[in-house]
Amino acid sequence: MSVRVQAWGIIAGVLSDTDPSGAGVRQRLSRSLEENPGVPERALLEYLMESRRSESRSHPAPDVGPAHPALPVIPPKLAEQMDAIRSMSRISALLESRMLMTAFQPIYGLRDKTVVGAEALSRFVSDDGAAAELWFAEAASVGLGANLEFAALGSAAAAARDLPAHLYVSLNISPTSCIDPRLPELFGHIDLSVNRVVLELTEDIPDAEYLQFMAAVNPFREQGLRLALDDTQPTAGALSRMLHLQPDFLKVGRNIISGVDTDEIQRALAACLVDFSAQIGTSLVAEGIETPGELKALTELGIHAGQGYLLGRPSVRPQDWAGWNTPLDPDGLKRQLADADGAGAHPRGGAS
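Residues numbered from 1 in each chain as written. Predicted model: local features only at pLDDT ≥ 70, side-chain atom pairs only at ≥ 80, totals over all residues. Heavy atoms only, no water.

Description of the overall build of the protein
The number of helices and strands found in the protein is 15 helices and eight strands. Within the protein, buried positions represent 46% of all 352 residues. For the protein, the share of sequence-separated contacts (at least 6 apart) that also reach a separation of at least 24 residues comes to 67%. By element, 54% of the accessible surface of the protein is carried by carbon and sulfur atoms, the whole surface being about 17,700 Å². (Helix = DSSP H or I, 4+ residues; strand = E, 2+ residues; numbered from the N terminus. Buried < 20%, exposed > 50% of the residue type's maximum accessible area, 1.4 Å probe, protein only. Contact = heavy atoms within 4.5 Å. Areas by Shrake-Rupley, 256 points an atom, 1.4 Å probe, with all protein chains shown as cover.)

Here is the structure:
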């Protein structure tokens, strides 16, 4: 259902109400409609913003002057619907204007110390500077999550043309979007070869969708598509599912690798996952590597690949991508870590 159709539905419901206490609401909404003919979603948004401004003016400091009269309280359900319309309009505007771009973060093979792949991370051009995960969460809350995901996938596939040709490209996607008919359409219209694509699942596969998921991705896996499970949790259920799914990559995050060079339990846990991945023929990728000590320990344990701020920050600059074939320089890494410490703490570079 489009934003406009939903807006008309909310407006019709408000204007058809006969409760005398809501007369002021109906009058202001009618006036907003007259000022925005044919654009009901804008009328709703302008009404909502004016209501909020009026509410904030209704409680001024004592020495500012007489307070403006407060508007009638907006019914909770109507306020919720209006917030949803506002979110839908924000996401729709973002999609229409294509105000997103792609950053890539290098993934290093720890044995050969060269870049083997790159993870695509969405970056949004927005006035409020909202983080990528907030945009995706807002889009999902109003039923536009898949739309935003596919816009991000298209952006990443287009940007990947400037990556070194031998690198695989890891694209973050929800399992539900994998069964969306737009996925085969995407593969049919991009220049990126399927055998260079790794679909990195950002969530667990719902049991009710598992068979559909397998039916949707298996034809592409036969063409060379690879799968990665993100932020692997070493639980019995998760490990059992991995045996059946047979992903090409298991990605482990800070909950497992943090302190792997100093904590015996963390090291033992990482060693167990190394052994498990070897048994099922899957590559293990460590995310969020932050210190030379962690890098050294993970390499000694036999982790296949790694990424993190120590190894390379996400970048939107093709000139940065072009230099990722240079072998790792331990002294350079130490300097990079010192610079990062001097700048303060940083969030880990993960799916966004």
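Alright, that's what it looks like, and here's the rest.
A look at unusual backbone geometry
Glycine aside, residues mostly have negative phi, and peptide bonds are mostly found in the trans state. Positive phi, normally seen in glycine, also occurs at Lys113, with a value near 55 degrees. Of note, Lys113 is situated in the loop between β1 (100–109) and β2 (114–124). Judged by its relative accessible area of 35%, Lys113 falls in the partly exposed class. Positive phi outside glycine occurs at Gln246, with the angle close to 50 degrees. On the basis of relative accessible area, Gln246 is assigned to the exposed category, the value being 53%.

Notes on the sheet that holds β1
In spatial order, the strands read β1-β2-β3-β4-β5-β6-β7-β8; together these eight strands close into a barrel with mixed pairing. Strand direction decides the pairing type here: strand β3 (residues 168–173) and strand β4 (residues 197–201), joined by five bridges, are parallel. Counterpart to Leu171 in the pairing with β4 is Leu199. (Pairing = 2+ DSSP bridges.)

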